[in-house]
Amino acid sequence: MMKSFKTDWKANLKNPQTIMALFTYRYGNWVYYRVKSGLIRKPLWLLYRIMDVLFVRIVANGELHAEAQIGDALHLPHGLNGIIISPKAVIGNNATIFHQVTIGGRNNLGEPVIGDRAFIGVGSKILGPITLGNDVNIGAMSVVVKDVPDNASAVGIPARNILRNEPKPENTR
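Residues numbered from 1 in each chain as written. Predicted model: local features only at pLDDT ≥ 70, side-chain atom pairs only at ≥ 80, totals over all residues. Heavy atoms only, no water.

(A) Spatial organisation of the overall build of the protein chain. Counting its secondary structure elements, the protein chain contains three helices and 14 strands. Over its C-alpha atoms the protein chain spans a radius of gyration of 17 Å, differing by no more than 12% from the 16 Å that the globule rule assigns to 173 residues. Principal-axis analysis of the C-alpha atoms places the extent of the protein chain at approximately 65 × 45 × 30 Å. Buried residues in the protein chain amount to 43% of all 173 residues. Across the protein chain, every contact between residues at least 6 apart in sequence was considered, and the portion connecting residues at least 24 apart equals 23%. (Helix = DSSP H or I, 4+ residues; strand = E, 2+ residues; numbered from the N terminus. Rg over C-alpha atoms; globule rule 2.2 N^0.38 Å. Buried < 20%, exposed > 50% of the residue type's maximum accessible area, 1.4 Å probe, protein only. Contact = heavy atoms within 4.5 Å.)

Take a look at the structure:
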């Protein structure tokens, strides 16, 4: 828990509201997945729920459920402002998520799985049992309902994949 929080801290140094929301998430995630004893878990979970309402929902203005599995160094450049991450979503390491993004299920079919180093633009919606690969870029205001492969971008409503074929540098001596 502390290692992940330290990377979150470094990724979001300028926004104390985001740091408090991510601490609340990491604490709740630790209680949900690691604390097995019911006698200890109940008061710890009650403390998490209070922190969630105060710091995540009211102060940071978002929803970040403890059941979600989020990797290290989650970067939220504009804080948790309007971001909703569903309980069963999986997000890899070093993801960047801008404001007003929704990551959630669709018609109880399943939740998204997002790879490492994903960049999700303002107002995007990632919906359903889909997989976004590593190093994926999602354009602002896009609605993603289909898988996006590694090293690709998706834009539009519904989002369409655009593979990034970056030119290889020439050897000049």
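The structure having been displayed, the exposition proceeds.
(B) View of unusual backbone geometry. Cis geometry marks the peptide bond from Ile 157 to Pro 158; its omega dihedral reads -10°. Of note, the phi angle at Asn 61 is positive, near 60°, even though the residue is not glycine. Relative to the helices and strands, Asn 61 is located in the loop between α3 (38-59) and β1 (63-64). One non-glycine residue with positive phi stands out, namely Asn 108, at about 55°.

(C) Quick peek at the side chain of Arg 26. Topologically, Arg 26 is positioned in helix α2 (residues 16-34). The buried category is assigned to Arg 26, whose relative accessible area is 6%. At a separation of 2.8 Å, a polar atom in the side chain of Arg 26 contacts the main-chain carbonyl oxygen of Ile 70. Of note is the side chain of Arg 26, whose polar atom sits 2.8 Å from the backbone oxygen of Gly 71. (Polar contact = N/O pair within 3.5 Å; in protein donor to acceptor, adjacent residues only side chain to side chain.)

Geometry only, nothing functional implied.
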